[in-house]
Amino acid sequence: MKTEPTDNIRTWLDNLYDEAIIEANKTLGNERIWQKGSSTDEEIQIHEDNIREQERYITVLEELKDNIQFL
C-alpha cells in the first residue's frame, strides 16, 4: 500500500533535499581544501575519492528532489 504525500509533505521533502545539497556542497568544498593541503599522494587520493563520492551524492539528491512531484 502506497501513501500519497500531500503538498505540505512535498514541500518538506523539497526543503530537506535543499538542506542536504547545501551541506554536501560545504563538505565538497572542505575536501577540495584538504586535498590541496595534502602532503602525500595517498592523502591526495583519499580526498579525490571523497570529492567524487560527494559529487555523486549531490547528483542523486538533485535527481530525487526533481522527482518529488511524481511521488
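Conventions we followed
Residues numbered from 1 in each chain as written. Predicted model: local features only at pLDDT ≥ 70, side-chain atom pairs only at ≥ 80, totals over all residues. Heavy atoms only, no water. Helix = DSSP H or I, 4+ residues; strand = E, 2+ residues; numbered from the N terminus. Expected span 1.5 Å × (residues − 1). Buried < 20%, exposed > 50% of the residue type's maximum accessible area, 1.4 Å probe, protein only. Salt bridge = Lys/Arg side-chain N within 4 Å of Asp/Glu carboxyl O.

Caption draft 1: Region of interest: helix α2 (residues 41-66). Here α2 is 26 residues long and its end C-alpha atoms lie 37 Å apart, about the 38 Å a rise of 1.5 Å per residue gives. Every buried residue belonging to α2 is among His 47, Ile 51, Gln 54, Ile 58 and Leu 61, and all of these are buried.

Caption draft 2: Just the pattern of salt bridges, in detail. Counting across every chain of the model gives eight salt bridges. Note that Lys 65 is salt-bridged to Asp 18, the shortest N-O span being 3.3 Å. With Lys 65 in helix α2 and Asp 18 in helix α1 (residues 7-36), this pair connects stretches of sequence that are 47 residues apart. Lys 65 gets classed as partly exposed once you look at its relative accessible area, which sits at 23%. The partner of Glu 53 in a salt bridge is Arg 56, with the nearest N and O atoms 2.5 Å apart. Highlighted residues: Glu 53 and Arg 56, both in helix α2, separated by three residues, approximately one helical turn. Connected through salt bridges with shared partners, the residues Asp 14, Asp 18 and Lys 65 form a single ionic network.

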